[in-house]
Amino acid sequence: MAKIALAFASSHGSMLSAPLAEWSRWEEQDKRDRRFDYAGLLAQARPGLETEIAPEKKAERFAAVQESMARSRSLLGNVEADAYLVISNPHGTTGVNRPAATFGVYLSESASKLARTGDVSAPSSDRRTVVASEAVSVEADSDAYVTYPELSDHLASSLIADGFDLAVTYQSSPSAGIEGHEFTNVYGMFALDRAVPIIPFMISRYQPNQATP
């Protein structure tokens, strides 16, 4: 079905694309982050750490990041890929009344050829209301990303055949559900062609449905 032309891994941390002057913003955010004890961790820091966060050291690291990003853009730009399979994690904890997939692939509501079975009874009035409201938001979406339904179908069916407990999410439009930067920021960060389709693949980094190595 497809040939892997290049496998590429990268952080998508904000500092990769932020100007050096903005790096201090994340330092201040860390100090206020309630998930950990910043003062306690700072007290345990190894001796000499202050030299690693000195302004000249930050400038050196910023230059190294920019050089590496430029090489990455050049590498990816020379591949001439027919599609981008983007493996990333949806951000944030899962809200109530919503499933959380360990592994998941997005399928097209209108173009997926995989057979779907289950209750086919008439939808309730509540369901019709939800569908109608979704249709309005889809029509208003002018920043759609191109997807590749055939390859998404192939991934879903072959991974299930290989023994993965896979979840699927049906998209009402090409970009529905993937507007978040966790999947689409590759276009801007690496100067990729927006006309090349994207296949978003979910992998959870959060407990309790966090995949083991």
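The structure reproduced in this document is the subject of the present report. (Residues numbered from 1 in each chain as written. Predicted model: local features only at pLDDT ≥ 70, side-chain atom pairs only at ≥ 80, totals over all residues. Heavy atoms only, no water.)

Some thoughts on the sheet that holds strand β3 (residues 166-171)
Next, step 1: Strand order in the open sheet formed by four strands is β1-β4-β2-β3, with mixed pairing between adjacent strands. Edge positions in the sheet fall to β1 (84-88) and β3, since each has one partner strand and no second. When strand polarity is set aside, the average angle formed by the axes of neighbouring strands in this sheet is 25 degrees.
Next, step 2: Sheet topology note: the strand β2 (residues 103-108)/β3 ladder contains six bridges and is parallel. Bridge pairing in β3 links Val-105 to Val-168.
Next, step 3: Along the sheet, helix α6 (residues 149-161) contacts β1, β2, β3 and β4 (198-203); its crossing angle with β2, the most-contacted strand, is approximately 145 degrees. (Pairing = 2+ DSSP bridges. Helix = DSSP H or I, 4+ residues; strand = E, 2+ residues; numbered from the N terminus. Axes fitted to C-alpha atoms, helices over the stretch in contact; angles between N-to-C directions. Contact = heavy atoms within 4.5 Å.)

A look at the packing of aromatic side chains
Next, step 1: This model, assessed by the stated rule, comprises six aromatic pairs.
Next, step 2: Plain terms: the ring middles of Phe-8 and Phe-190 are 5.3 Å apart, the flat faces sit at 85 degrees to each other, and that makes the pair edge-to-face. Residue Phe-8 is located in the segment before α1 (23-32), and its partner Phe-190 is located in the loop between α7 (181-189) and β4; the two are separated by 182 residues in the primary sequence.
Next, step 3: Residue Phe-190 is classed as buried on the basis of its relative accessible area, which comes to 5%.
Next, step 4: Their ring planes at 70 degrees and their centres at 6.0 Å tell us that Trp-23 and Phe-62 sit as a pair that is edge-to-face. With Trp-23 in helix α1 and Phe-62 in helix α4 (residues 55-77), the pair connects residues that are 39 residues apart, well separated along the chain. (Phe/Tyr/Trp six-rings, centres within 6.5 Å; stacked < 30°, edge-to-face > 60°. Buried < 20%, exposed > 50% of the residue type's maximum accessible area, 1.4 Å probe, protein only.)

Here's the deal with the pattern of salt bridges
Next, step 1: Enumeration over the complete set of coordinates arrives at eight salt bridges.
Next, step 2: Between Glu-27 and Lys-58 there is a salt bridge whose closest N-O contact spans 2.3 Å. In this pair, Glu-27 sits in helix α1 while Lys-58 sits in helix α4, placing the two residues 31 residues apart along the sequence.
Next, step 3: For Glu-27, a relative accessible area of 29% gives the class partly exposed. (Salt bridge = Lys/Arg side-chain N within 4 Å of Asp/Glu carboxyl O.)

Regarding the nonpolar core
Next, step 1: Ranked by internal contacts, the top residues of the largest apolar core, which has 17 residues, are Phe-183, Tyr-187, Phe-190, Leu-192 and Ile-198.
Next, step 2: Those elements giving two or more residues to this core turn out to be α4, β1, α7 and β4.
Next, step 3: For Phe-190, the residues in contact, after removing those within four places along its chain, are Phe-8, Ser-10, Met-69, Ser-72, Arg-73 and Leu-76.
Next, step 4: Core analysis: the next-biggest nonpolar cluster, separate from the first, contains 10 residues, Phe-103, Val-105, Leu-107 and Phe-201 among them. (Core = buried A, V, L, I, M, F, W, Y, C linked by side-chain atoms within 4.5 Å.)

What to know about the environment of Ser-108
Next, step 1: Following the sequence through the fold, Ser-108 ends up in strand β2.
Next, step 2: The class for Ser-108 is buried, based on a relative accessible area of 14%.
Next, step 3: For the pair formed by Ser-108 and Ala-176, sequence separation is 68 residues and the distance between their alpha carbons is 9.5 Å.
Next, step 4: When sequence neighbours within four positions are dropped, the list of residues in contact with Ser-108 reads Pro-149, Tyr-170 and Gln-171.

Things to note about the pairing of β2
Next, step 1: Here β2 lies mainly inside the structure; six of its six residues are buried.
Next, step 2: Residues of β2 alternate between two faces, with Phe-103, Val-105 and Leu-107 on one and Gly-104, Tyr-106 and Ser-108 on the opposite face, all of them buried.
Next, step 3: In the sheet, β2 pairs with β4 via three bridges, with the strands oriented antiparallel. Pairing of Val-105 across the sheet is with Phe-201, part of β4.

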